[in-house]
Number of protein chains: 2
Amino acid sequence: MSLLSDLDRQALSRCYDLALKSYEEGGLPIGSVLTRGSAILAEGHNRRVQQGNPILHGEMDALQAAGRQKSYADVTLYTSLSPCMMCAGTIVQFGIPRVVIADATSFGGNEQFLRDRGIEVIVAEDPRCLALMQRLFAERPALWNEDIAEDHCSGAGA
Amino acid sequence: MSLLSDLDRQALSRCYDLALKSYEEGGLPIGSVLTRGSAILAEGHNRRVQQGNPILHGEMDALQAAGRQKSYADVTLYTSLSPCMMCAGTIVQFGIPRVVIADATSFGGNEQFLRDRGIEVIVAEDPRCLALMQRLFAERPALWNEDIAEDHCSGAGA
């Protein structure tokens, strides 16, 4: 955890709060925060259930909330769960140089895709975020499979 | 063009209409259509300008309009312009098996990324869509650079 600054820890904690809020609304427990320099730029959480919107993963919701930006060169993206291929592709396309992931155990696999494209990726393995995803797998497995477009009902995701 | 069915041609023509509509609204001229079997499932166009929303590329707008889907296994995605890394990542994540691109000359580079992941990619090179992108490069270069997150003002995109 030594790579994490105070702002990193604050932003990761906020990702957890947003994830928990979304889960308590009946949705998927994945939250995301964007920072620019020392300030929070925007935040979001998965809204598949809340808005019936499959593209609003946590990271996408935060990027939508940030609105139009001239550049993302000084932006860090924090997420409670490791980015799927949609969100990883978006991070590359937008030129976001730094990604801090709370939980890459419950779901992952695109960290190297990001690193291969020059993006700094830090995995914090936050136990609260991990535990919340394990609750999702146990309590709402079909919703999770829908969110990662898995057309079956196994427990944990790909 | 021999790989294109009547539905393919109809959907590509609709992509152009949506792209033109968006351009006439002051936005980016990129449209997208989703089909399932022989029917149009949803359609969309870039809404960066219209909604101040950087994640709503044409393809993302169509996927948002389609709402929650159990599976994309029988969906074809049509787009007036070759998918950027955000949209290509989304196509992979959602498990869309077939993509038909009107114009891969004005912008491109992710066709092989899609093919490497088992997705059928057809490039139609529709002259109307290509001409509309050339108008964008000539008339609104800064807007185009913003849309592909290029932090400078050269003419055509990466």
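Note that the coordinates shown come from a computational prediction; the quantities given were computed from them, not determined experimentally.

Quick notes on the rules
- Residues numbered from 1 in each chain as written.
- Chains lettered and ligands numbered in written order.
- Predicted model: local features only at pLDDT ≥ 70, side-chain atom pairs only at ≥ 80, totals over all residues.
- Heavy atoms only, no water.
- Pairing = 2+ DSSP bridges.
- Helix = DSSP H or I, 4+ residues; strand = E, 2+ residues; numbered from the N terminus.
- Axes fitted to C-alpha atoms, helices over the stretch in contact; angles between N-to-C directions.
- Contact = heavy atoms within 4.5 Å.
- UniProt positions renumbered as here; feature names shortened; annotations may be inferred.
- Least-squares fit on C-alpha atoms with pLDDT ≥ 70 in both.
- Buried area = accessible area lost by both parts, 1.4 Å probe.
- Salt bridge = Lys/Arg side-chain N within 4 Å of Asp/Glu carboxyl O.
- Polar contact = N/O pair within 3.5 Å; in protein donor to acceptor, adjacent residues only side chain to side chain.
- Expected span 1.5 Å × (residues − 1).
- Buried < 20%, exposed > 50% of the residue type's maximum accessible area, 1.4 Å probe, protein only.
- Arc of directions from axis to C-beta.
- Phe/Tyr/Trp six-rings, centres within 6.5 Å; stacked < 30°, edge-to-face > 60°.

*Asks:* Just to check I follow, could you spell out the sheet that holds strand 3 (residues 75-79) of chain A for this structure?
*Replies:* For sheets, the rule is that strands pair by backbone hydrogen bonds, running either parallel or antiparallel. Residues and elements named next belong to chain A. On the basis of which strands lie adjacent, the open sheet formed by five strands has the order 2-1-3-4-5 and mixed pairing. Looking at the sheet topology across the chains shown, the edges are occupied by strand 2 (39-45) and strand 5 (120-123). Neighbour-to-neighbour, the strand axes of the sheet open up by a mean angle of 15°, direction not taken into account. In terms of strand pairing, strand 1 (residues 31-36) meets strand 3 through five bridges, oriented antiparallel. Of the residues in strand 3, the one forming a bridge with Arg 36 is Val 75. In the packing of helix 1 (residues 6-24) onto the sheet, the strands contacted are strand 1, strand 2, strand 3 and strand 4 (98-101), and the crossing angle to strand 1 comes to about 150°.

*Asks:* Sorry if this is basic, but what is going on with the UniProt feature "domain: CMP/dCMP-type deaminase" (unreviewed entry) in chain A here?
*Replies:* As annotated by UniProt and renumbered to match this structure, "domain: CMP/dCMP-type deaminase" (unreviewed entry) occupies residues 6-121 of chain A. Taken end to end, residues 6-121 of chain A comprises 41% helix and 21% strand; its first and last C-alpha atoms sit 17 Å apart.

*Asks:* Can you help me understand the relation of the copies chain B and chain A in this one?
*Replies:* Relating one copy of the chain to the other requires a rotation about an axis plus a shift along that axis. The transformation that overlays chain B on chain A combines an axial shift of 0.0 Å with a rotation of 180°, and the residual RMSD is 0.0 Å. Taken together, the rotation angle and the small translation identify this as a two-fold axis. Identified as the residue of chain B closest to the rotation axis by C-alpha distance is Gly 89 of chain B, at 2.4 Å.

*Asks:* Got a minute to help me understand the sheet that holds strand 1 (residues 31-36) of chain B in this structure?
*Replies:* Residue and element names in this part refer to chain B. The strand order across the open sheet built from five strands is 2-1-3-4-5, with neighbouring strands paired in mixed fashion. If you trace the sheet from one side to the other, it starts and ends with strand 2 (39-45) and strand 5 (120-123), each paired once. Across the sheet, the mean angle separating the axes of adjacent strands is 15° when strand polarity is ignored. Contacts from helix 1 (residues 6-24) reach strand 1, strand 2, strand 3 (75-79) and strand 4 (98-101), with the element oriented near 150° to strand 1. Strands in contact with helix 3 (residues 58-66) are strand 1, strand 2 and strand 3; relative to strand 2, the strand with the most contacts, it is inclined by about 130°.

*Asks:* Just checking my understanding: could you explain the interface of chain B and chain A for this structure?
*Replies:* A common measure of how large an interface is: the accessible area buried when the components associate. Tallying the contact residues gives 30 residues for chain B and 30 residues for chain A. Taking both partners together, chain B and chain A bury about 2,800 Å²; carbon and sulfur atoms supply 60% of that area. The largest per-residue losses of area from chain B upon contact with chain A belong to Ile 55, Arg 68 and Gln 93 of chain B, which jointly make up 25% of the total buried on that side. Taken together, the links from chain B to chain A amount to two salt bridges. Glu 146 of chain A is the partner of Arg 68 of chain B in a salt bridge, and the nearest nitrogen-oxygen pair spans 2.7 Å. Taken together, the links from chain B to chain A amount to eight residue pairs in polar contact (both at pLDDT 80 or more). Where the side of chain B that touches chain A is concerned, the elements lending two or more residues are helix 2 (48-51), helix 3, helix 4 (85-94) and helix 7 (141-147) of chain B.

*Asks:* How do you make sense of helix 6 (residues 127-139) of chain A when you look at a structure like this?
*Replies:* Given 3.6 residues per helical turn, the α-helix brings residues three or four places apart onto the same face. All names here are of chain A. The end-to-end C-alpha distance of helix 6 is 18 Å, a good match for the 18 Å that 13 residues give at a rise of 1.5 Å each. Of all the positions in helix 6, only Cys 129, Leu 132, Met 133, Leu 136 and Phe 137 are classed as buried. Seen along its axis, helix 6 keeps its buried residues to an arc of 145°; they face one direction. Opposite the buried face of helix 6, at more than 90 degrees from it, the exposed residues are Pro 127 and Ala 138.

*Asks:* Honestly, the packing of aromatic side chains in this entry has me stumped. Any pointers?
*Replies:* Here the distance between the centres and the angle between the planes together describe a pair of aromatic rings. Tallied over the entire structure, the rule returns seven aromatic pairs over all chains. Ring geometry for Tyr 72 of chain B versus Phe 94 of chain B: centroids 5.0 Å apart, planes at 40°, classification tilted. Placement of Tyr 72 of chain B in the loop between helix 3 and strand 3 and of Phe 94 of chain B in helix 4 is noted, with a sequence separation of 22 residues between them. Using a relative accessible area of 4% as the deciding quantity, one classes Phe 94 of chain B as buried. Here the aromatic rings of Phe 137 of chain B and Trp 144 of chain B are separated by 5.4 Å at their centres, their planes lie at 50°, and the arrangement is tilted. The exposure class assigned to Phe 137 of chain B is buried, which follows from its relative accessible area of 9%. Here a set of aromatic residues connected by ring pairs shows up, and it is made of Phe 107, Phe 137 and Trp 144 of chain A.

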